There are 2 protein chains.
Amino acid sequence: MSMDKPSNTADDILAAARSFIVAGGYNGFSYADIADVVGIRKASIHHHFPSKVDLVRTLVKRYLEDAVTGMTELERNVPAPPQLLRTYAGFWAQCIEDASRPICVCALLASELPALPPEVAAEVRAYFQFLSGWLTGVIERGAAQGTLTIAAAPRVEAEAFMATVHGAMISARAYGDVLTFSMILAPTLQKLIPARD
Amino acid sequence: MSMDKPSNTADDILAAARSFIVAGGYNGFSYADIADVVGIRKASIHHHFPSKVDLVRTLVKRYLEDAVTGMTELERNVPAPPQLLRTYAGFWAQCIEDASRPICVCALLASELPALPPEVAAEVRAYFQFLSGWLTGVIERGAAQGTLTIAAAPRVEAEAFMATVHGAMISARAYGDVLTFSMILAPTLQKLIPARD
DNA sequence: TCCAATCTACCTACTAGTTGGTAGGCAGTG
DNA sequence: CACTGCCTACCAACTAGTAGGTAGATTGGA
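Residues numbered from 1 in each chain as written. Chains lettered and ligands numbered in written order. Predicted model: local features only at pLDDT ≥ 70, side-chain atom pairs only at ≥ 80, totals over all residues. Heavy atoms only, no water.

## Observations regarding the protein's contact with DNA strand C
Lys 42 and Lys 52 of chain A together with Arg 41, Ser 44 and His 48 of chain B are the nearest of the 17 residues found near DNA strand C. Each atom of DNA strand C within 4 Å of the protein belongs either to a base or to sugar and phosphate, the latter forming 58%. Within the contact set of DNA strand C, a phosphate oxygen lies 3.3 Å away from a backbone nitrogen or oxygen of Phe 29 of chain A. One of the backbone nitrogen or oxygen atoms of Arg 41 of chain B is found 2.6 Å away from a phosphate oxygen of DNA strand C. Broken down by secondary-structure element, the contributors of at least two residues to the surface near DNA strand C are helix H2 (31-38) and helix H3 (42-48) of chain A together with helix H3 (42-48) of chain B. Ranked by the residues each element gives to the surface near DNA strand C, the list is headed by H3 of chain B, at four residues. (Near = heavy atom within 4 Å. Polar contact = N/O pair within 3.5 Å; in protein donor to acceptor, adjacent residues only side chain to side chain. Helix = DSSP H or I, 4+ residues; strand = E, 2+ residues; numbered from the N terminus.)

## Points about the interface of chain A and chain B
Taken residue by residue, the interface counts 42 residues in chain A and 42 residues in chain B. The junction of chain A with chain B conceals about 3,400 Å² of combined surface from both sides, 66% of it contributed by carbon and sulfur atoms. Interface area lost by chain A to chain B is led by Ser 111, Ile 170 and Tyr 175 of chain A, which between them contribute 18%. Counting every contact that joins chain A to chain B gives two salt bridges. Ionic pairing is found between Lys 191 of chain A and Glu 157 of chain B, a salt bridge with its closest N-O pair at 3.0 Å. The interface formed by chain A and chain B holds 13 residue pairs in polar contact (both at pLDDT 80 or more) in total. Those elements that place two or more of their residues in the side of chain A that touches chain B are helix H1 (9-24), helix H6 (105-111), helix H7 (118-145), helix H8 (154-175) and helix H9 (180-192) of chain A. With 16 residues, the single largest contributor to the side of chain A that touches chain B is H8 of chain A. A class-by-class count of the residues in the side of chain A that touches chain B yields 23 nonpolar, twelve polar and seven charged. (Contact = heavy atoms within 4.5 Å. Buried area = accessible area lost by both parts, 1.4 Å probe. Salt bridge = Lys/Arg side-chain N within 4 Å of Asp/Glu carboxyl O. Nonpolar A, V, L, I, M, F, W, Y, C, P; charged D, E, K, R; others polar.)

## What about the protein's contact with DNA strand D?
DNA strand D sits among 17 residues. The nearest are Arg 41, Ser 44 and His 48 of chain A together with Lys 42 and Lys 52 of chain B. Atoms of DNA strand D within 4 Å of the protein: sugar and phosphate make up 60%, bases the balance. In the model, a phosphate oxygen of DNA strand D is placed 2.7 Å from a nitrogen or oxygen of the Arg 41 of chain A main chain. Between His 46 of chain B and DNA strand D, the recorded distance is 3.3 Å, taken from a side-chain N or O atom to a base nitrogen. Put simply, the parts of the chain that give the surface near DNA strand D at least two residues each are H3 of chain A together with helix H2 (31-38) and H3 of chain B. Looking at the surface near DNA strand D, the element that brings in the most residues is H3 of chain A, giving four residues.

## Some remarks on unusual backbone geometry
Negative phi values dominate among residues other than glycine, just as trans dominates among peptide bonds. Phi is positive for Ala 99 of chain A, close to 65 degrees, though the residue is something other than glycine. Take Ala 99 of chain A: it is sitting in the loop between helix H5 (81-97) and H6.

## Some details on the packing of helix H8 (residues 154-175) of chain B against helix H9 (residues 180-192) of chain B
Residues and elements named next belong to chain B. Axis separation between H8 and H9 bottoms out at 8 Å; the angle between their running directions is 160 degrees. As judged from the angle between their axes, H8 and H9 are roughly antiparallel. In the packing of H8 onto H9, the handedness of the crossing is right-handed. On H9, the residues that touch Glu 157, Phe 161, Thr 164, Val 165, Ala 168, Met 169, Ser 171, Ala 172 and Tyr 175 of H8 are Thr 180, Phe 181, Ile 184, Leu 185, Thr 188, Leu 189 and Leu 192. Its residues placed into classes, the contact of H8 with H9 shows eleven nonpolar, four polar and one charged. (Axes fitted to C-alpha atoms, helices over the stretch in contact; angles between N-to-C directions. Parallel < 35°, antiparallel > 145°, perpendicular 65-115°, else oblique. Left-handed = near helix turned anticlockwise from the far one by under 90°.)

## Some remarks on the pattern of salt bridges
Taken as a whole and assessed by the stated rule, the structure comprises ten salt bridges over all chains. Asp 54 of chain A is the salt-bridge partner of Arg 57 of chain A, the closest N and O atoms lying 3.0 Å from each other. Here Arg 57 of chain A and its partner Asp 54 of chain A are both found in helix H4 (residues 52-77), three residues apart, which amounts to about one turn of the helix. Relative accessible area serves as the criterion here: at 23%, Arg 57 of chain A is assigned to the partly exposed category. Residue Glu 159 of chain B pairs with Arg 155 of chain B through a salt bridge whose shortest N-O separation is 3.0 Å. With Glu 159 of chain B and Arg 155 of chain B both in helix H8 and four residues apart, the pair spans about one turn of that helix. With a relative accessible area of 38%, Arg 155 of chain B lands in the partly exposed category. (Buried < 20%, exposed > 50% of the residue type's maximum accessible area, 1.4 Å probe, protein only.)

## Examining the side chain of Glu 123 of chain A
All names here are of chain A. Here Glu 123 lies in helix H7. Of the buried charged residues, Glu 123 lacks a salt bridge, with Lys 61 as the closest side chain of opposite charge at 4.4 Å. Apart from residues lying up to four places away in sequence, Glu 123 is in contact with Arg 57, Val 60 and Lys 61. (Lys, Arg positive; Asp, Glu negative; His and termini not counted.)

## Thoughts on the relation of the copies chain A and chain B
Laying chain A over chain B is done by rotating through 180 degrees and shifting 0.0 Å along the axis; what remains is an RMSD of 0.0 Å. Within this description, the copies of the chain are treated as partners about a two-fold rotation axis. Most of the interface of chain A is mirrored in chain B, where 100% of its interface residues again form contacts. (Least-squares fit on C-alpha atoms with pLDDT ≥ 70 in both.)

This is how it looks when you write it as structure tokens:
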């Protein structure tokens, strides 16, 4: 009937790993830390993920997959480029304000990219390429329709937008103020979205 | 006669630590790593910096001091707000392109702030507050003179500018392309600096 | 001026605890 | 029986940090 998901331990491990990574990066946690919060023994994690690289590679790969399906669904529900950008920014504003996802896993991992195992680094790069490509498409479409105002090539505007989002996450963290993110994104969106009257 | 600086070992240790931190963050290096590149034994590092927290706190504190003196001097030589922003962005573009300082130490540490020892976290916050304050002053002045065009309060524009700079550093790292930084900053500066003709 | 006390910068040798990872066993289930 | 999921009990390597010693420079007093 339905695709069975008999054991959620692997998911629990991934969830624990994600929260540790967003707190302190790849080297900021150990198998022992995960074992503590999941409630199993350290060795049992190796049963699900033979090595730390496996664990984090799987985590980032799934993170990208979720982003792909999320963006696809978002585009189906909210097709207008200005709303797409607003919704994307609003999603992160929400995540940061309720502390559920205080920063993007891949933004954090990218910052320590030279120290990452190459398999993980490759997945992080793939995420950046996807997100940048998606934003470029949205901005391109918005510019063609006249619903977005751009001052440079869509690709460049997309990279700038993404950079501002990631930088705003870091600033929110530095100030310990969850509203900093929305404060920074408000004018950034304003500049892209033409005033209506 | 002159202020003597008899031993540069402490500085060598700090320099090595900085390059390890920009590569992989606070947990991305060990005393053994530093000992290897400096050419002394692990225990000797403890003579200069009793603990890892001492080492990194000193590093970030000095990083902020250098920023303060650097900005002060920059403002004396190049007083016009548009040029100040351009020079600041150009400084980092240069650092990233020649790989001498591929990312800001504090931007990286801020991303893993929850996992940092509180003493280090405090220094990182101080850096953000200084930089944000400096940029706010520059933008405020530029707006008052009419040499900068702003769409939001100077404070907000300053935070957005800083966030874009930090995000652009991360993107450059993710793509492994040192020119990404300047590509992102070009339109960001353009939007602030009114066209001349 | 000589000598002793002190200080600096480094060393070897060690500690207790943690790291990711392995070997092998055992209970439950299809 | 075979497989899954978890366990105990390891392991070698590495972690930050300590103890204690040494060679050489600096300092202060007789």
